[in-house]
Amino acid sequence: MKGSEPFDARSPRETVNYAGLRAWGRMRFRFEMGGEVYSKNKDSFKRLLAKHGLRWRGSLDRPFWASAGERVTAVFDRDEKQDLLRSAALIWESAGKSRLLEDLKAWAWEAGAKAVEDRSPSAEDVTDEVEQALRYWDIVWKPNEDWLKAQGRPRAWIEADVKRWKQQRQERRRELVGQATD
């Protein structure tokens, strides 16, 4: 029976579904800023989210904060070679306007960020298409560790290949989400 299988701690991923906001009636605002601006003001941003009851629910791959009725997702553009944040976009989503939105607008104005209403589909709306595209991408680009071991490739090289693949997959995910939500 699907869904009644016991939890396997060895499974490669755990899926956690948070109650999403209804697609109809959803509002979204996007706050865009340079990386330096975000880095300087991120502590006040995080305090603002905590003040309004939003808690960290994401991962380093998909950073977001959520409460029962609101969510803020972060999209970062990083220069991995220089270990530098180029730009940041913070996307607020809720069924309607709230005090948090007004406080975020004030925070963005003080920080020097640009705030605009976002009418494009959210990252969550395009997740299935992105995951499907990544599955196809993995078929071509994911290193086959067992085959590489059988060929006598050194373990350190295999680990480097897997690490490089993970980084490229992250970049590909960002690219696909960006294409789908623009």
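Read on for a plain summary of the structure. (Residues numbered from 1 in each chain as written. Predicted model: local features only at pLDDT ≥ 70, side-chain atom pairs only at ≥ 80, totals over all residues. Heavy atoms only, no water.)

**A few points about helix 1 (residues 35–51)**
Next up, step 1: The terminal C-alpha atoms of helix 1, which comprises 17 residues, lie 24 Å apart, in line with the 24 Å expected from a rise of 1.5 Å per residue.
Next up, step 2: Bending of helix 1 peaks at approximately 60° at the position of Asn-41.
Next up, step 3: Among the residues making up helix 1, those that are buried are Gly-35, Tyr-38, Asn-41, Phe-45, Leu-48 and Leu-49.
Next up, step 4: Phi for Gly-53, located one or two positions after helix 1, is positive at around 85°. (Helix = DSSP H or I, 4+ residues; strand = E, 2+ residues; numbered from the N terminus. Expected span 1.5 Å × (residues − 1). Bend = angle between axes of the 7 residues up to and from the residue. Buried < 20%, exposed > 50% of the residue type's maximum accessible area, 1.4 Å probe, protein only.)

**Quick look at the pattern of salt bridges**
Next up, step 1: Under the definition given, this model contains 13 salt bridges.
Next up, step 2: Among the ionic pairs, Asp-103 bridges to Arg-99, the shortest N-O distance being 3.4 Å. Linking Asp-103 with Arg-99, this pair stays in helix 2 (residues 99–111), spanning four residues, or about one helical turn.
Next up, step 3: Since its relative accessible area comes to 57%, Arg-99 is described here as exposed.
Next up, step 4: Residue Glu-131 pairs with Arg-173 through a salt bridge whose shortest N-O separation is 2.5 Å. Placement of Glu-131 in helix 3 (residues 127–141) and of Arg-173 in helix 5 (residues 155–181) is noted, with a sequence separation of 42 residues between them.
Next up, step 5: For Glu-131, a relative accessible area of 17% puts it in the buried group.
Next up, step 6: Given the relative accessible area of 13%, Arg-173 is considered buried.
Next up, step 7: Here the residues in one salt-bridge network are Arg-30, Glu-32 and Lys-114, joined through shared partners. (Salt bridge = Lys/Arg side-chain N within 4 Å of Asp/Glu carboxyl O.)

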